[in-house]
Amino acid sequence: MDYLEIVGGSKLKGAITISGAKNAALPIIAATLLSDKPLTLTNLPNVVDIRTLLKLLTMLGGSVEHNETIANINNSDIQSTKAVYEIVSQMRASILVLGPLLTRFGECEVSLPGGCAIGQRPIDLHLKALESMGATIEIKGGYVRAEAKDGLHGAKIIFDKITVGGTENVVMAAAMAHGTTNIINAAKEPEVVQLCEMIASAGIEIEGIGTNELTIEGTCGKPLEFPTIEVIPDRIEAGTYLCAAAITSSSITLNKVNAGHLRASIDKLESMGCSFDIEDESITIHPAITLKPVDLITIEYPGFPTDMQAQFMAVAVIAEGESLIEERLFENRFMHVSELNRLGADIWLKGSTAAVKGVSTLYGADVMATDLRASSALVLAALVAEGTTNVRRIYHLDRGYDDLEGKLSSLGAQITRKKEV
Ligand code: EPZ
């Protein structure tokens, strides 16, 4: 297995280009199953999860021509509606094919996604919503078997909790349903907004895009036709590099980024003493003179994102004072704490809150990545740790960060990918 060898202490400088958003590209790829016409996706991030979902399309009978950032897809000849365990177990977001397969073909089988390091991650809200649209759903042998022989019908759906994936599955299912679907307490993350805009670009009437209430007029079973879709910039990748600049007390510029999607992260970094120059599609961060502690509570968009919690914790580790970080979305998203403490951090957990006492120095050590965002937090801490840090199990990183070590190296970090012997 690969690992990253990082020698701490380098300042960062220069500019990098942010890739397309993994969490926008995944539902967009799933939504191509709603079409029987060829279409092109651009600005795809070059990460494992994208390749995994494109592979699933081909296993279902779709045709995919994919180079690093562009995919030409044609799902006119889908032969199977079974998303098998070996794919879904690699990436839980494969559950996003449930809605489009069911609404277009009237039946499908999708392996239950495993949980993952950060929590149990149930899909009960997805299934309850699809049942209210007329699906019969059975869970057997580790698979969700869904059927709607006469197609799905519109329904009024009130989500008990805001769910990004649940909203996305229902939006896609509603697009070809018979009648009107009204979703209340919908997610409104930028990635959900782009999916809604993609569906609308096929001529579907969607009201409330960007709000917590969506109304969708289905096509009554008629497949959709999409224009070329360019994936939005990845706000979490961008936030991760802003944290890299903050923790190394550096000034860098991010190009091809949407600052409007990063307001919570920028606001919190400003409260820690950083400052920003924001242009149309670029952000330049200037470091704090003294990094101040921060209090964070993770919550749905536009609040502070759970996917930035680990990265901010790494920055808080060397702030001057005590930070409090409360994780409200996932029940086990503090796996990075023990690894950060191995580098010399002073973090204490009490339930869903972490108290982070700032320390002046971190010391390089061998650490282990446990999930995607925890991995990036360990890399950030290693950038300022004295000596060498080896971050292992970086297959987690490769799922969601496009060439992290290449981009950090281009900014001056001493980071090398090595092979375990
Ligand atoms: C998406 O996951 C993202 N993944 C996650 O990013 C992100 O952390 C999460 O949204 C929250 O913003 C993708 O978009 C591929 P949810 P998702 O359904 O859709 C509970 C990353 O690092 N819930 O909004 O799975 C659930 O347990 C990943 O890129 C139910 O109880 O998240 C969680 O506590 C990690 N029942 C909360 O809702 C359900 O049926 C939010 O989950 C569904 C969800």
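Residues numbered from 1 in each chain as written. Predicted model: local features only at pLDDT ≥ 70, side-chain atom pairs only at ≥ 80, totals over all residues. Heavy atoms only, no water.

(A) Inspection of the packing of helix α1 (residues 22–31) against helix α7 (residues 190–200) at higher detail. For the pair α1 and α7, the least separation of the axes is 8 Å and the interaxial angle reads 30°. With respect to each other, α1 and α7 are oriented roughly parallel. Seen along the crossing, α1 lies across α7 with a hand that is right-handed. Contacts between α1 and α7 pair Asn23, Ala24, Pro27, Ile28 and Ala31 from the former with Glu191, Gln194, Leu195 and Met198 from the latter. Of the residues contributing to the contact of α1 with α7, the split by class is six nonpolar, two polar and one charged. (Axes fitted to C-alpha atoms, helices over the stretch in contact; angles between N-to-C directions. Helix = DSSP H or I, 4+ residues; strand = E, 2+ residues; numbered from the N terminus. Parallel < 35°, antiparallel > 145°, perpendicular 65-115°, else oblique. Left-handed = near helix turned anticlockwise from the far one by under 90°. Contact = heavy atoms within 4.5 Å. Nonpolar A, V, L, I, M, F, W, Y, C, P; charged D, E, K, R; others polar.)

(B) Fine view of the sheet that holds strand β20 (residues 346–350). Reading across from one edge, β18-β19-β21-β20 is the order of the four strands in this open sheet, with mixed pairing throughout. Only two strands of the sheet have a single neighbouring strand rather than two, namely β18 (295–297) and β20. Pairwise comparison of adjacent strand axes, ignoring direction, gives a mean angle of 15° for this sheet. Across five bridges, the pairing between strand β19 (residues 322–326) and strand β21 (residues 353–357) is antiparallel. Across the sheet, Leu324 pairs through a bridge with Ala355, a residue of β21. (Pairing = 2+ DSSP bridges.)

(C) Up close: the site of the ligand. In the vicinity of the ligand lie 24 residues, with Leu125, Thr163, Val164, Asp307 and Leu329 positioned nearest. Between an oxygen atom of the ligand and a main-chain N or O atom of Leu329, the distance comes to 2.5 Å. One of the side-chain nitrogen or oxygen atoms of Arg333 is found 3.3 Å away from an oxygen atom of the ligand. For the ligand, the accessible surface in isolation is 830 Å², of which the surrounding protein chains cover 89%. Elements represented by at least two residues in the shell around the ligand include exactly α1, α5 (124–132), α6 (164–175) and α12 (372–384). Residues belonging to the shell around the ligand are distributed by class as follows: eleven nonpolar, five polar and eight charged. No fewer than three residues from each of domain 1 (2–19 + 233–419) and domain 2 (22–230) sit in the shell around the ligand. (Near = heavy atom within 4 Å. Polar contact = N/O pair within 3.5 Å; in protein donor to acceptor, adjacent residues only side chain to side chain. Areas by Shrake-Rupley, 256 points an atom, 1.4 Å probe, with all protein chains shown as cover. Domains from an automatic or database assignment.)

(D) Spotlight on unusual backbone geometry. Here the amide bond leading from Tyr301 into Pro302 is cis, since omega sits at 10°, within 30 degrees of zero. Structurally, Pro302 is set in the loop between β18 and α10 (309–316). Even without being a glycine, Lys256 presents a positive backbone phi close to 60°. Inspection of the secondary structure puts Lys256 in the loop between β15 (251–255) and α9 (263–271). The backbone phi angle of Asp403 is positive, close to 60°, even though this residue is not glycine. Along the chain, the position of Asp403 falls in the loop between α13 (395–400) and α14 (404–410).

(E) Spatial organisation of the environment of Arg121. Mapped onto the secondary structure, Arg121 falls in the loop between β7 (107–111) and α5. Take Arg121: its relative accessible area is 25%, and that puts it in the partly exposed class. C-alpha of Arg121 to C-alpha of Pro38: the two residues are 83 residues apart in sequence and 33 Å apart in space. For Arg121, the contacting residues outside a window of four places in its chain are Arg92, Cys116, Phe330 and Glu331. (Buried < 20%, exposed > 50% of the residue type's maximum accessible area, 1.4 Å probe, protein only.)

(F) A negative patch on the surface, seen in detail. On the surface, Asp277, Glu279, Asp280 and Glu281 cluster together into a patch of negative charge. Summarising the element assignment, Glu281 is placed in the loop between β16 (275–278) and β17 (282–286). Given a relative accessible area of 53%, Glu281 falls into the exposed group. (Patch = residues over 30% accessible without salt bridge, like charges linked within 9 Å, V, L, I, M, F, W, Y side chains within 5 Å. Salt bridge = Lys/Arg side-chain N within 4 Å of Asp/Glu carboxyl O. Lys, Arg positive; Asp, Glu negative; His and termini not counted. Charge placed at Lys NZ, Arg CZ, Asp CG, Glu CD.)

(G) A look at the domain arrangement of the protein chain. Looking at the assigned domains, one finds that the protein chain contains domain 1 (2–19 + 233–419) and domain 2 (22–230). Here domain 1 and domain 2 have C-alpha centroids that lie 31 Å from each other. Each partner contributes residues to the interface: domain 1 has 23 residues there, and domain 2 has 21 residues. Summed over both partners, the interface of domain 1 with domain 2 comes to about 1,900 Å²; 52% of that surface belongs to carbon and sulfur atoms. The largest share of the area that domain 1 buries against domain 2 comes from Glu300, Tyr301 and Arg399, three residues that together contribute 30% of it. At the junction of domain 1 with domain 2, the criterion picks out three salt bridges. The partner of Arg235 in a salt bridge is Glu191, and the shortest N-O contact between them spans 2.8 Å. Between the two partners, domain 1 and domain 2, sit nine residue pairs in polar contact (both at pLDDT 80 or more). Secondary-structure elements contributing two or more residues to the side of domain 1 that touches domain 2 are α12 and α13. (Buried area = accessible area lost by both parts, 1.4 Å probe.)

(H) Examining the UniProt feature "active site" (unreviewed entry) in the protein chain more closely. Sites flagged by UniProt as "active site" (unreviewed entry) map to Cys116. Mapped onto the elements of the fold, Cys116 is located in the loop between β7 and α5. Overall, Cys116 belongs to the partly exposed group, its relative accessible area being 32%. (UniProt positions renumbered as here; feature names shortened; annotations may be inferred.)

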